Amino acid sequence: MAELSDVLERLHVVALPMRVRFRGITVREIALIDGPAGWGEFGAFTEYGPAEAAHWLAAGIEAAYRPPPAVRRDRIPINATVPAVAPAEVAAVLARFPGARTAKVKVAEPGQSLADDVARVNAVRAVVPAVRVDANGGWSVEDAVAAAAALTADGPLEYLEQPCRTVPELAEVRRRVDVPVAADESIRKADDPLHVVRSGAADVAVLKVAPLGGVRAMLDIAGQIDIPIVVSSALDSAVGIGAGLIAAGCLAELPYACGLGTGGLFVEDVAEPVTPVDGYLPAATVTPDPARLTALAAPPERRQWWIERVRACFALLS
């Protein structure tokens, strides 16, 4: 394993401005590691404590110090990601995902109504043929059942992603609606990532490299899952997206478009954005542009905050 002093010497902390508010933030802070095997990303959201964030650090260290595994496919289908914007803004958001045939739409946003969600989803349907929604655990069971009916009144949904917070709630929703249920937080934030699948509470598993501890850890979990897998980003920079694309490229089967097009949510990124071609991105690692690293560098006090965070998380890694 890498030495802490070496990791800290290789650390770059950046602040990426976002086009729209997403997960309640307008600037995404991320620490990058310029390692001997490539670039790694440590981007655990700032509210996460060391125990949870340590998995993200493990993923960044793996990418920086171990060469990536060989891929089975060299391009990955991606979905467009539509934040909780007004219907009038949907077309502009979708334009940043050229060729995407699938869109994931954020719903259950605090302060918004189910009618807002329906209007947004229908605006997306007018442009993109396949739609999935992500509630980030924001509904009760009854809310999820009502939402499933309202959101499918004008067309089908590919799936409901994390409609409720708990595994028993997901299982109950799955029994009561005809729309497939996908699990995200119930996998990446769980002590046992496989519990939701073993419990029969999901039809689709959404796997994210960073929260699960790296590409190899994610692939190990994928190998134990007998339901379809969607590889998604955790609002990663181009470096983290590259790791997700590698992971998706390693899977034996990839029946759904992956949520790895979120780079379009940033005004600026650490590397020149790769434009999807016919809805696909290449399965390849990413090297940041030195000029962008300098221009996007976080203020000194935020860099120091991340250094202390790396220390706290590193102490939890075996």
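Computed from a prediction, not measured in an experiment: that's the story for all the values here.

What counts, and at which threshold
Residues numbered from 1 in each chain as written. Predicted model: local features only at pLDDT ≥ 70, side-chain atom pairs only at ≥ 80, totals over all residues. Heavy atoms only, no water. 1 Å grid on protein atoms, 1.4 Å probe; cavity = no way out; pocket = protein on both sides within 12 Å on 5 of 7 lines; lining within 4 Å. Points joined across faces, edges and corners; volume = space filled by probe spheres on them. Helix = DSSP H or I, 4+ residues; strand = E, 2+ residues; numbered from the N terminus. Buried < 20%, exposed > 50% of the residue type's maximum accessible area, 1.4 Å probe, protein only. Arc of directions from axis to C-beta. Contact = heavy atoms within 4.5 Å. Phe/Tyr/Trp six-rings, centres within 6.5 Å; stacked < 30°, edge-to-face > 60°. Lys NZ or Arg CZ within 6 Å of the ring centre and 35° of its normal. Salt bridge = Lys/Arg side-chain N within 4 Å of Asp/Glu carboxyl O.

J.: It is not clear to me how the layout of surface pockets should be interpreted in this structure. Could you clarify?
T.: Of the voids in this model, the largest pocket is the one considered here, and its volume is about 810 Å³. Lining the largest pocket are 39 residues, with Arg23, Lys106, Asn136, Glu185 and Arg188 sitting closest to its centre. If you list the elements that add at least two residues to the lining of the largest pocket, you get strand 1 (11-22), strand 6 (102-106) and helix 7 (185-188). What the second largest pocket holds in volume is close to 470 Å³. Gly263, Pro273, Val274, Thr275 and Leu281 are the residues nearest the centre of the second largest pocket, which is lined by 28 residues in total.

J.: Can you help me understand helix 6 (residues 167-176) in this one?
T.: Because an α-helix completes one turn every 3.6 residues, residues spaced three or four positions apart along the sequence face the same direction. Listing the buried residues of helix 6 in full gives Val167, Leu170, Ala171 and Val173. All buried residues of helix 6 fall inside an arc of 160 degrees around its axis, so they share one side. Summarising the geometry of helix 6, the exposed residues directed more than 90 degrees from the buried face are Pro168 and Arg175. Check the buried side of helix 6 and you find it contacts helix 5 (141-151), strand 8 (160-161), strand 9 (181-183), helix 7 and helix 8 (195-198).

J.: Teacher, can you tell me more about the packing of aromatic side chains here?
T.: Aromatic ring pairs are reported here in terms of the distance separating the ring centres and the angle at which the planes meet. The tally for this structure, following the rule as stated, stands at six aromatic pairs. Ring centres 5.4 Å apart and planes at 85 degrees place the aromatic pair phenylalanine 42 and tryptophan 306 in the edge-to-face group. Pair noted here: phenylalanine 42 is in strand 3 (residues 39-42) and tryptophan 306 is in helix 12 (residues 300-314), with a separation of 264 residues, a long-range link. Owing to a relative accessible area of 0%, tryptophan 306 belongs among the buried residues under this scheme. With centroids separated by 5.7 Å and ring planes inclined at 85 degrees, the aromatic side chains of phenylalanine 45 and tyrosine 48 adopt a geometry described as edge-to-face. Judged on exposure class, the residue phenylalanine 45 and its partner tyrosine 48 are both buried. A cation over an aromatic ring shows up here: arginine 302 above the ring of tryptophan 305, its NZ or CZ 4.5 Å from the ring centre.

J.: Would you explain the pattern of salt bridges in this entry?
T.: Opposite charge on two side chains permits them to pair, given that their charged atoms come into close proximity. A complete count under the given rule lists 21 salt bridges for this structure. Two residues, arginine 188 and aspartate 184, come together in a salt bridge whose shortest N-O distance is 2.8 Å. Here arginine 188 matches aspartate 184 in class, with each residue buried. The salt bridge partner of arginine 198 is aspartate 192, with a shortest N-O separation of 2.8 Å. Salt bridges sharing common partners tie together Lys104, Lys106, Asp134 and Glu161.

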